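# Coordinates in review
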Amino acid sequence: MRKTTTLALLATGLIALGCGSGAADTSTSSGGGGKGEDAPAKTAKVGEAARDGKFEFTVKSAKCGVTKVGSDLLGQKAQGQFCLVTVNVKNIGKEAQMFDGSSQKAYAADGTEYSADTGAAIYANKNAETFLNDVNPGNQVSGVVVFDIPKKVKIAKLELHDSPFSGGVDVSLG
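Residues numbered from 1 in each chain as written. Predicted model: local features only at pLDDT ≥ 70, side-chain atom pairs only at ≥ 80, totals over all residues. Heavy atoms only, no water.

### A few points about the nonpolar core
Judged by nonpolar contacts, the single largest core of 25 residues is most densely connected at Phe57, Phe147, Leu158 and Leu160. With sequence-adjacent residues up to four places away left out, Leu160 is seen in contact with Asp52, Phe57, Val59, Val87, Gln104, Gly168, Val169 and Val171. Of all hydrophobic cores here, the second largest spans nine residues; its members include Leu84, Ala120, Val144 and Val146. (Core = buried A, V, L, I, M, F, W, Y, C linked by side-chain atoms within 4.5 Å. Buried < 20%, exposed > 50% of the residue type's maximum accessible area, 1.4 Å probe, protein only. Contact = heavy atoms within 4.5 Å.)

### Section: the pattern of salt bridges
The full count for this structure, using the stated rule, is three salt bridges. A salt bridge links Lys54 to Glu95, with the shortest nitrogen-to-oxygen separation between them at 3.4 Å. Of this pair, Lys54 sits in the loop between β2 (49–52) and β3 (55–70) while Glu95 sits in the loop between β4 (75–91) and β5 (97–99), placing them 41 residues apart in sequence. Note on Glu95: relative accessible area 46%, which makes it partly exposed. Here Asp170 and Lys157 are joined by a salt bridge, their closest N and O atoms 3.3 Å apart. Of this pair, Asp170 sits in strand β11 (residues 169–172) while Lys157 is found in strand β10 (residues 155–160), placing the two residues 13 residues apart along the sequence. (Salt bridge = Lys/Arg side-chain N within 4 Å of Asp/Glu carboxyl O. Helix = DSSP H or I, 4+ residues; strand = E, 2+ residues; numbered from the N terminus.)

### Focus on the sheet that holds β11
Overall, mixed pairing links the five strands, which are arranged β1-β11-β10-β6-β7 in an open sheet. Of all the strands in the sheet, the pair left with one neighbour each is β1 (44–45) and β7 (113–115). Pairing analysis gives three bridges linking strand β6 (residues 105–108) to β7, with the strands arranged antiparallel. Residue Ala106 lies in a different strand from β7, and its bridge partner there is Tyr114. (Pairing = 2+ DSSP bridges.)

### What to know about the sheet that holds strand β9 (residues 140–149)
Here we have four strands laid out as an open sheet, ordered β2-β3-β4-β9, and antiparallel in their pairing. Two strands in the sheet have a free side with no partner beyond their single neighbour: β2 and β9. Each neighbouring strand pair of the sheet contributes to a mean axis angle of 40 degrees, computed without reference to strand direction. In this structure, β4 lies alongside β9, joined through 10 bridges in antiparallel fashion. Each bridged residue has a counterpart across the sheet, and for Val89 the counterpart in β9 is Val141. (Axes fitted to C-alpha atoms, helices over the stretch in contact; angles between N-to-C directions.)

### Observations concerning a nonpolar patch on the surface
A contiguous nonpolar patch, built from Leu73, Leu74 and Tyr123 and spanning about 370 Å² of accessible area, is present on the exposed surface. Along the chain, the position of Tyr123 falls in helix α2 (residues 118–124). (Patch = residues over 30% accessible without salt bridge, like charges linked within 9 Å, V, L, I, M, F, W, Y side chains within 5 Å. Areas by Shrake-Rupley, 256 points an atom, 1.4 Å probe, with all protein chains shown as cover.)

Rendered as C-alpha cells:
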C-alpha cells in the first residue's frame, strides 16, 4: 500500500511540473508578434522587430544553399544545404536571459519543421553568439542561426523563441 501512495504522489508531482512548464512569458508589443490567445499572432518580416518573452528579434538576412561552414581546417559540411539566418537579439526584460540557438525552428511551406544545427552554428559564428549566450537587460547580440535542410527545400518562416518553453514568434522569409 505504501508503494502505491508513493507512486501516486510522484505521478501527481510530475503532472504538476508538466502543467507549469508551458507557462512562459510570451508578451508582445503592437509592433511584434507573439502567439497569445487573446489576439491572432502577427507574422513579422525580415528587417522587422518581433518579440517573444524577454527578447526582441530582428532577422537581418537568410542565405540558403551553403554547403559548408567554417574554414578548410575546421568546419562542417551540410547533409543537404545550410540556411544561415542572421538575427539580432535584444533583451527587453529586466533580468539576464539566455539566448540559445537550438530553441529556434524553421518551417518549409508544407509545414515541415527543422531544428537548428548548433554544431554548424559554432563554425558559422566567430564568438559563439548563438550558443547559450547570456544577454543582460538592454544589451543585444547578433549572430547566425544555422539550419541543415534538404537541398530542394526552401524555408518559408522561422519560429523564434526566448526559451525552449515560450510560445515563439513567427518571421516570414517569403
